[in-house]
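Geometric and topological summary
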Amino acid sequence: MKYLISSLLLVTGLATFAQSTKTINQSGNPIFKGWYADPDVAIFGNKYWIYPTYSAKYREQVFMDAFSSTDLVTWKKHEHIVDTAAIKWANKAMWAPAIVEKDKKYYLFFGANDIQNDNEIGGIGVAVADKPEGPYKDHLGKPLVDKFHNGAQPIDQFVFKDKDGAYYLIYGGWKHCNIAKLNKDFTGFLPFPDGTIFKEITPDNYVEGPYMFIRNGKYYFMWSEGGWTGPDYSVAYAVGDSPFGPFKRVDKILKQDASIATGAGHNSVIINQKNGKYYIVYHRRPLTETDGNHRVTCIEEMKFDADGNILPVKITNEGVKAERVK
C-alpha cells in the first residue's frame, strides 16, 4: 500500500510539474494584462515588440504603452511611450500604432482625434525616438495625413517596407484603403508616376485595419471586416503581385469562437526568420464582456497550405509555445 501511495504521489507530482512547465513555456491568451487592441508587432534585436491601442473611451485614449519579450511568453510593459503632452495637436482617440526602424531611429505612426471631416484637426501623425521604448516626440508638429482621400478616414495606419527598400503608408477606415509612398525622412510623400499621392487599393468587404507582408514573392494583404464593437469583427486576406494589387479577397481566416471569445480582429504578423514560423497577433473580446472597449491582445501560430493559402486560425486560450528570436 505504501508503494502504491508513493507511486500515486509521484505520478501526481509529475503531472503537476508537466502542467506548470507547459504554463511557463506557453504564452496563454491574452498575452498580457489590461485592455489593449489593434496590436502592431516588430522584432528589434533579440526582442519581440508589441505596440497596441489602449482600449478605453476616446477621451481616455491619450497615451500609448508598449510591450517587449524575448520569448513570446513573458512580456515587459513600457508605460506611456508617447502621449498627448508630446503630441500637442492630439487630444483623444490615439489609435493603432505602427512602428518602423529606419536609420537607427524608431518611428511610431498613430491616428488621433477620430476626425469625421476635413475641417477637424487630427488624422495620422508620426512620433520619433532613439529607442523602441521611447520616449517618443512629435516628428512633424502636425498630422502627416489630415484629410479624407478617396473616402478613407485617416486612421489604422501601417508602414510597409517593400523589397526595393521603399516605404509605404497603407491606411484607412470607413471601408476605404489607400497606399502612399513615404519620402526618405517620413515628413511627407513622393508622388506616383501619374502625379497622384494616394492610391486606393480597397478589396471587397474591407472595413479597416490593413496589414501587409511578403511571402515567397507574393504580397499578402490582410484587413478587418465587420464592426469593431460587435462579435462579427474578423480578418480576411488577399494576395497580389505588388503592394498595389489588384487584391481579390480570398477568404476570412480569423473570427470569433463562441466557446472562447468574440470580436477577433485587427491583426499584425510576426515572422520568425530562424524557423520560418508565422504568428498572428490580434485583439478579441472576452465572453464575459459587453463593453466595446474591453478588448485584449492575443497570439496564435499562423500556417499555410502547399499552395500558399493562409489556413483558418483557431483562436485559443493557450496561445503559442515559447520561441526566441534567434
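If you're wondering where the values come from, they're calculated on a predicted model, not measured in any experiment.

**Here we look at the overall build of the chain**
When helices and strands are tallied, the chain shows one helix and 20 strands. Expected size for 326 residues packed as a compact globule is a radius of gyration near 20 Å; at 21 Å, the chain falls within 12% of this value. For the chain, the C-alpha atoms occupy an extent of roughly 85 × 45 × 40 Å along the three principal directions. Across the 326 residues that make up the chain, the buried fraction comes to 54%. Taking all contacts inside the chain whose residues are at least 6 apart in sequence as the whole, residues at least 24 apart take part in 50%. A total of about 15000 Å² of accessible surface is found on the chain, and carbon and sulfur atoms cover 53% of it. Of note, the chain has its 39 positive side-chain charges centred 5 Å away from the centre of its 37 negative side-chain charges.

**Brief notes about the side chain of glutamate 323**
With respect to the secondary-structure elements, glutamate 323 resides in the segment after strand E20 (296–302). Of the residues examined, glutamate 323 reaches a relative accessible area of 14% and is grouped as buried. Excluding its chain neighbours within four sequence positions, the residues that come into contact with glutamate 323 are Tyr48, Thr70, Asp71, Leu72, Asn272, Lys274, Asn275, Lys277 and Tyr279.

**Observations regarding the confidence of the model for the chain**
Across the chain, the average pLDDT comes to 93, with 93% of residues at or above 70. Model confidence for the chain, summarised as mean pLDDT per element, is weakest for helix H1 (residues 2–24) at 38 and strongest for strand E10 (residues 167–171) at 99. Taken as a whole, residues 1–22 scores under 50 in pLDDT and shows zero contacts with residues more than four places along the chain or in a different chain.

**Quick notes on the pairing of strand E9 (residues 158–161)**
Here E9 pairs with E10 via four bridges, running antiparallel. Along E10, the bridge assignment pairs phenylalanine 158 with isoleucine 170. The turn linking E9 back onto E10 is made up of five residues, and glycine 165 within it adopts a positive phi angle of 90°.

**Notes on unusual backbone geometry**
Here glycine 134 and proline 135 are connected by a cis peptide whose omega angle stands at 10°. Along the chain, the position of proline 135 falls in the loop between strand E7 (123–129) and strand E8 (137–138). Residues glycine 245 and proline 246 are joined by a peptide bond in cis, for which omega reads 5°. Inspection of the secondary structure assignment puts proline 246 in the loop between strand E16 (234–240) and strand E17 (248–254). One non-glycine residue, phenylalanine 186, lies in the positive phi region at around 60°.

**Some points on the packing of aromatic side chains**
Pairs of aromatic rings are described using the distance from one ring centre to the other and the angle between the two planes. Scanning all chains against the criterion turns up 28 aromatic pairs. A centroid spacing of 5.6 Å and a plane angle of 90° characterise the contact between tyrosine 168 and phenylalanine 244, whose relative ring orientation is edge-to-face. Taken as a pair, tyrosine 168 in strand E10 and phenylalanine 244 in the loop between E16 and E17 lie far apart in primary sequence, 76 residues in all. Exposure remark for phenylalanine 244: the relative accessible area of 32% places this residue in the partly exposed category. Judged by centre distance (4.9 Å) and plane angle (75°), the rings of tyrosine 278 and phenylalanine 304 are edge-to-face. Of the two residues, tyrosine 278 is situated in strand E19 (residues 277–286) and phenylalanine 304 in the segment after E20; the sequence distance between them amounts to 26 residues. Accessibility assignment for this pair places tyrosine 278 and phenylalanine 304 in one class, buried. The ring of phenylalanine 186 carries the charged tip of lysine 102 above its face, separated from the ring centre by 5.7 Å.

Parameters at a glance
- Residues numbered from 1 in each chain as written.
- Predicted model: local features only at pLDDT ≥ 70, side-chain atom pairs only at ≥ 80, totals over all residues.
- Heavy atoms only, no water.
- Helix = DSSP H or I, 4+ residues; strand = E, 2+ residues; numbered from the N terminus.
- Rg over C-alpha atoms; globule rule 2.2 N^0.38 Å.
- Buried < 20%, exposed > 50% of the residue type's maximum accessible area, 1.4 Å probe, protein only.
- Contact = heavy atoms within 4.5 Å.
- Areas by Shrake-Rupley, 256 points an atom, 1.4 Å probe, with all protein chains shown as cover.
- Lys, Arg positive; Asp, Glu negative; His and termini not counted.
- Charge placed at Lys NZ, Arg CZ, Asp CG, Glu CD.
- pLDDT = per-residue confidence, 0-100.
- Pairing = 2+ DSSP bridges.
- Phe/Tyr/Trp six-rings, centres within 6.5 Å; stacked < 30°, edge-to-face > 60°.
- Lys NZ or Arg CZ within 6 Å of the ring centre and 35° of its normal.

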